[in-house]
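If you want the building blocks of each chain, they are given just below.
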Amino acid sequence: CLPTAVTKAFNIAKAPLTVEIEDRESVYGEEIKTLADLITAGTVYKDDQPYIVKTDVVKGSAVGDYKIYGEITNANYDVTFIKGNYKITKREITVTISNASSTYGSAISPLSASITAGETYQSEVAFKVSTTATSASNVGTYPITGEITNTNYDITFIDGVYTINKAPITFTASNLSIIYGDKAPEYTYTPTAPEGVTVTLSSDYVQSKDGGAVGSYTISLSATDTTGNYDITTVNGTLTVGKATLT
């Protein structure tokens, strides 16, 4: 008689693999580095490609930590992934802030700065500059400082100096005329003195029968500044005493 056929089932188990994914690091805005891994347990059959390694990081991704993970591409393998980490670090630049100045009481001049080491990614704005000086600030020097506005950067600022210079002001005594024998007039000047500045006017003209003769007298002008904010120039005036008409 013929032998009886016997059928047996074979269970093909998945091949176990352990894959350790390497960490990577790059600077914000740089090209993403090639990912790498190492099979630490198990064997790949011939030219099989049982998995791929991926990350969500792209060029321009913000500073931070991102996972590097694996994905099984061959159902014949049971892959255990030891995930890696992709770190994006801050981009370093140096910014030199320009000095600036203005005159007391004037509007603050535009502030400027330049990148003197490194560069920004795609020319994006990463900082701003400001000063504590205002149009009302007294004469003196004030810092011009920088502030980071993009957290993807580590910026070294070289501060600038804002100088408030004295405001030039010229006080001019008014020229006046009187008739012999008249009292000395009220002396005047232009422009009006700002707060903290005192203007004094005087003349050697004296009304008297024997004094204050016909002629010209200097109207002397002096000014004092208690604020230190003005560069003062004074211009004297002239008092002209004319002849009296007798009737």
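Quick caveat, the model's predicted, so the values are computed rather than measured. (Residues numbered from 1 in each chain as written. Predicted model: local features only at pLDDT ≥ 70, side-chain atom pairs only at ≥ 80, totals over all residues. Heavy atoms only, no water.)

1. Brief notes about a nonpolar patch on the surface
Using the following cut-off: Here the term patch refers to residues with relative accessible area over 30% and no salt bridge, with like charges joined within 9 Å and nonpolar side chains (Val, Leu, Ile, Met, Phe, Trp, Tyr) within 5 Å. What sets the accessible areas is the Shrake-Rupley method with a 1.4 Å probe; for residues, cover comes only from the shown protein chains. Just to be clear on terms, a salt bridge is a Lys or Arg side-chain nitrogen sitting within 4 Å of an Asp or Glu carboxyl oxygen. Runs of H or I in DSSP of at least four residues are treated as helices and runs of E of at least two as strands, each being numbered from the N terminus.
On the surface, Ile179, Tyr180 and Val214 cluster together to form a nonpolar patch covering roughly 240 Å² of accessible area. Counting through the fold element by element, Ile179 comes out in strand β16 (residues 176–179).

2. So, the nonpolar core
Rules: Only buried residues count toward a nonpolar core, which is a set of Ala, Val, Leu, Ile, Met, Phe, Trp, Tyr and Cys residues joined through side-chain atoms within 4.5 Å. Using a 1.4 Å probe on the protein chains alone, a residue whose accessible area is under 20% of its type maximum counts as buried, one over 50% counts as exposed, and one in between counts as partly exposed. Only heavy atoms matter for contacts: two residues are in contact if any of them lie within 4.5 Å across the pair.
With 27 residues, the main nonpolar core has Tyr153, Ile155 and Tyr162 as its most contacted residues. Secondary structure elements with two or more residues in this core: β1 (15–21), β4 (51–55), β6 (77–82), β7 (84–89), β8 (91–97), β12 (140–148), β13 (153–158) and β14 (160–165). Sequence-distant contacts of Tyr153, defined by excluding residues within four places in its chain, comprise Tyr28, Lys90, Arg91, Ile93, Glu119, Thr120, Tyr121, Glu124, Ala126 and Ile148. Counting 17 residues, the second-largest nonpolar core is a separate cluster that includes Phe171, Ala173, Leu176 and Val241.

3. Focus on the sheet that holds β1
In any sheet, the strands associate via hydrogen bonds between backbone groups, in a parallel or an antiparallel arrangement. Here is the rule we go by: In short, DSSP must find at least two bridges between two strands for them to pair. For helices, the fitted axis covers only the stretch in contact; all axes are lines through C-alpha atoms, and the angles between them, taken along N-to-C directions, range from 0 to 180 degrees.
An order of β3-β1-β6 is seen for the three strands of this open sheet, with the pairing classed as mixed. Looking at strand neighbours, the two that pair on one side only are β3 (37–41) and β6, the edges of this open sheet. Sheet twist, expressed as the mean angle between neighbouring strand axes with direction ignored, is 30 degrees. Summarising the sheet, β1 and β6 pair through six bridges and their orientation is parallel. Looking across to β6, one finds that Pro16 is bridged to Asp78.

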